[in-house]
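# Architecture at a glance
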Amino acid sequence: MKENSLGTEKITVLVLKMSIPVVISMSMQAIYNVADSIFLSHYSEIAFGGVSIIQPLLLISLALANGIGAGSGSLLSTLLGRKDLDGARKSISTGWSIALLMGFLCSLLLFVLAEPFSLHFTSDVVASDAAISYLRMISPSISLVFISSLLSFFLQSHGMAKRAMVMQTSGALVNIVLDPVLIFYFDMGAKGAALASAIGYSVTALLAFLFYFRSVCLKSCLGFSFPCAKRIFAVALPATMVQGAGPIVGIVLNKMIISYSIEVMAVYGMYLKTESFMFLASQGISSALIVIVGYNYGMGNIERVKRSFKLSLLLSWSVMVIGFVFFQLFSKNIISVFTNDPYLIEIGVPAFKSLCFCFLLTAPNIVMTGLLQGLGKGWMSLVITYTRFFIFLIPFSFILNKLFGLSGLWFCYFSADIPTLFLLIWIYRYVDKTMFSSTNCNRKMFANGR
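Everything numeric in this text was worked out from a predicted model, so none of it was measured.

So, about the overall build of the chain. A count of helices and strands for the chain gives 16 helices and zero strands. In summary, the chain has a C-alpha radius of gyration of 21 Å against a globular reference of 22 Å for 450 residues, a match within 12%. Across its three principal axes, the chain shows a C-alpha extent of roughly 60 × 45 × 35 Å. The buried share of the chain, taken over its 450 residues, is 60%. The contacts of the chain with a sequence gap of at least 6 include a subset with a gap of at least 24, amounting to 84%. Summed over its atoms, the accessible surface of the chain is roughly 17,500 Å², and 69% of this surface lies on carbon and sulfur atoms. Put simply, the chain has 31 plus and 18 minus side-chain charges, and the middle of one group is 17 Å from the middle of the other.

Dropping the structure here:
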């Protein structure tokens, strides 16, 4: 195999080269998520509110898919950095086995949980029917997301981020084109939105197969290695729990928000869809950082690891600050894309302007997660995320809701990010002292399986 650019290219060029395609693909994901919401909210605001209720379940599933991809990609990048091709082949075959099994189980669970989960949150017939039909329609295609996520990280581990971008954007474009046709022309409503997404996921998975198997990437037959599985899950489980923590907290917040009205729930759903532009872009930078860190840490080149982290943090923070300014200036315009209802616009503008304060302090959290996953220390990112959500966010949300009502509840994310920032600083100093002290120390960690 030729020399991997992850270990040789200039850091500024490498981070941009790896990040920009992933950010574009993530942004396309955000676009088709918003397209779903725009078309569905114009079809029925109540149906849109209902679909918003089951979004946490979908997000947890997608988090698991991305976590397995991240774990497999992190291990593969590290082994390629160490020139351990036999170990790399074992990691690929093990990643395949895990992704196929977990994808099937996840699709099955989503189908089974659709009705009881939806009815637990709302008794509104229109909202619950929309939620159930959406989840049951989209659930079979979730298994394909596991495959496309796995192959995306495999391609990135070989420095082929552009191909991962093309496959993601193609699926998103198909989804956007099909949304109005299925939702309005065929009058399928929520079921049409779900079918459009399912077809988009299928296109992404098909392109992933074509790009991967026609590339010069290292390949291996289906198999299983317990040591590889252990190291994949060492990153995958914390990564999944990190990404899944948000949806879990979302379930708690949904219960508080929907107690005000289904209209308030719809506004919150609009915000979640639009904030994803900034968050997915920032997560794209973090995903690119995982494979860069894994490869260079495997080589023992600590200076490249640290420089990659700092540049990724700067890029991510820039994206989030731009998003904050945009939301402050154009909240009314954003909401008007979803609805012309004066009441929803009236309650939505202050909600958007308050909720987006979390953009200012979220970037370090997201990028630190990528650094830790690339280093194989996913448990540290888990500590950060669960402290933020369960020690800070949930208690703060109850307190702010009790003291200030809905206007206070909107600031719960920002309030939790303030103490979390100090935790991030402490963990980075710990990592710098214990893992970045010398190359020999790093080599010893890899010899011991991290």
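In the structure shown here, the tally under the stated rule is five salt bridges. In this structure, Arg89 engages Asp86 in a salt bridge whose closest nitrogen and oxygen atoms are separated by 3.6 Å. Taken as a pair, Arg89 and Asp86 lie in helix 3 (residues 85-121) at a separation of three residues, close to a single helical turn. Judged by its relative accessible area of 32%, Arg89 is partly exposed. The partner of Arg136 in a salt bridge is Glu115, with the nearest N and O atoms 3.5 Å apart. Placement of Arg136 in helix 4 (residues 125-138) and of Glu115 in helix 3 is noted, with a sequence separation of 21 residues between them.

Let us look at helix 5 (residues 142-157). Here helix 5 is 16 residues long and its end C-alpha atoms lie 23 Å apart, about the 22 Å a rise of 1.5 Å per residue gives. The positive-phi residue at the C-terminal boundary of helix 5 is Gly159, with phi of around 80°.

All right, on to the side chain of Asn175 then. Position of Asn175 relative to the elements: it lies in helix 6 (residues 161-185). We classify Asn175 as buried; its relative accessible area is 0%. A distance of 3.0 Å separates the side chain of Asn175 from the side chain of Ser197, its partner in a polar contact.

To continue, consider the packing of helix 9 (residues 262-299) against helix 11 (residues 342-355). The angle between the axes and the distance between the axes are what describe a pair of packed helices. Between helix 9 and helix 11, the shortest axis-to-axis distance is 9 Å and the interhelical angle comes to 45°. In terms of axis orientation, helix 9 runs oblique to helix 11. Crossing handedness for the pair helix 9 and helix 11: right-handed. Two secondary-structure elements touch here, helix 9 through Glu263, Val264, Val267, Tyr268, Met270, Tyr271 and Thr274 and helix 11 through Tyr343, Leu344, Ile347, Gly348, Ala351, Phe352 and Leu355. A breakdown of the residues in the contact of helix 9 with helix 11 according to their chemical character gives 11 nonpolar, two polar and one charged.

Let's shift gears to the layout of surface pockets. The space that makes up the second largest pocket amounts to roughly 180 Å³. Taken together, Leu57, Ile60, Ser61, Leu64, Met102, Leu105, Cys106, Leu109, Leu110 and Leu113 form the lining of the second largest pocket. Mapped onto the lining of the second largest pocket, the elements with two or more residues apiece are helix 2 (45-81) and helix 3. Ranked by the residues each element gives to the lining of the second largest pocket, the list is headed by helix 3, at six residues.

With the rule as written, the count across this model stands at zero disulfides. Between Cys217, a cysteine without a disulfide, and Cys221, which holds the nearest cysteine sulfur, the sulfur-to-sulfur distance is 16 Å. For Cys217, a relative accessible area of 5% corresponds to the buried category. Of the cysteine sulfurs around Cys412, a residue in no disulfide, the closest is that of Cys358, at 8.7 Å. On the accessibility criterion, Cys412 (2% relative accessible area) is buried.

Because each turn of an α-helix spans 3.6 residues, side chains separated by three or four positions end up pointing in the same direction. Between its first and last C-alpha, helix 6 extends 36 Å over 25 residues, near the 36 Å set by a 1.5 Å rise per residue. Helix geometry: helix 6 is bent most strongly at Leu178, by close to 35°, with proline Pro180 lying one to four residues after it. For helix 6, the complete set of buried residues consists of Ala161, Ala164, Met165, Met167, Gln168, Thr169, Gly171, Ala172, Asn175, Asp179, Leu182 and Ile183. Just downstream of helix 6 lies Asp187, where phi reads positive at about 50°.

Ranked by internal contacts, the top residues of the largest apolar core, which has 119 residues, are Tyr134, Leu253, Tyr268, Phe359 and Tyr413. For this core, the element with the highest residue contribution is helix 9, accounting for 16 residues. In this structure, Val293, Met368, Met380 and Met435 belong to the second largest nonpolar core, which totals 20 residues.

This part covers the packing of aromatic side chains. Counted according to the given criterion, the structure contains 25 aromatic pairs. When the centroid spacing of 6.4 Å and the interplanar angle of 35° are considered together, the rings of Phe48 and Phe338 count as tilted. Separated by 290 residues along the polypeptide, Phe48 in helix 2 and Phe338 in helix 10 (residues 302-338) bring together distant segments of the chain. Relative to Phe359, the ring of Phe327 lies with its centre 5.3 Å away and its plane at 75°, an arrangement referred to as edge-to-face. With Phe327 in helix 10 and Phe359 in helix 12 (residues 359-374), this pair connects stretches of sequence that are 32 residues apart.

A separate point is the environment of Leu218. By secondary structure assignment, the location of Leu218 is in the loop between helix 7 (190-213) and helix 8 (226-258). Considered as a pair, Leu218 and Gly71 are 147 residues apart in the sequence and their alpha carbons are 17 Å apart.

Once that is clear, we can look at the environment of Met368. Structurally, Met368 is set in helix 12. As a C-alpha pair, Met368 and Ile425 span 57 residues in sequence and 9.8 Å in three-dimensional space.

Now for a nonpolar patch on the surface. A contiguous nonpolar patch, built from Leu101, Phe104, Leu105, Leu108, Phe111 and Val112 and spanning about 580 Å² of accessible area, is present on the exposed surface. If you trace the backbone, Val112 turns up in helix 3.

Cut-offs applied
- Residues numbered from 1 in each chain as written.
- Predicted model: local features only at pLDDT ≥ 70, side-chain atom pairs only at ≥ 80, totals over all residues.
- Heavy atoms only, no water.
- Helix = DSSP H or I, 4+ residues; strand = E, 2+ residues; numbered from the N terminus.
- Rg over C-alpha atoms; globule rule 2.2 N^0.38 Å.
- Buried < 20%, exposed > 50% of the residue type's maximum accessible area, 1.4 Å probe, protein only.
- Contact = heavy atoms within 4.5 Å.
- Areas by Shrake-Rupley, 256 points an atom, 1.4 Å probe, with all protein chains shown as cover.
- Lys, Arg positive; Asp, Glu negative; His and termini not counted.
- Charge placed at Lys NZ, Arg CZ, Asp CG, Glu CD.
- Salt bridge = Lys/Arg side-chain N within 4 Å of Asp/Glu carboxyl O.
- Expected span 1.5 Å × (residues − 1).
- Polar contact = N/O pair within 3.5 Å; in protein donor to acceptor, adjacent residues only side chain to side chain.
- Axes fitted to C-alpha atoms, helices over the stretch in contact; angles between N-to-C directions.
- Parallel < 35°, antiparallel > 145°, perpendicular 65-115°, else oblique.
- Left-handed = near helix turned anticlockwise from the far one by under 90°.
- Nonpolar A, V, L, I, M, F, W, Y, C, P; charged D, E, K, R; others polar.
- 1 Å grid on protein atoms, 1.4 Å probe; cavity = no way out; pocket = protein on both sides within 12 Å on 5 of 7 lines; lining within 4 Å.
- Points joined across faces, edges and corners; volume = space filled by probe spheres on them.
- Disulfide = S-S within 2.5 Å.
- Bend = angle between axes of the 7 residues up to and from the residue.
- Core = buried A, V, L, I, M, F, W, Y, C linked by side-chain atoms within 4.5 Å.
- Phe/Tyr/Trp six-rings, centres within 6.5 Å; stacked < 30°, edge-to-face > 60°.
- Patch = residues over 30% accessible without salt bridge, like charges linked within 9 Å, V, L, I, M, F, W, Y side chains within 5 Å.

Functional significance is not addressed by these values, which are geometric in nature.
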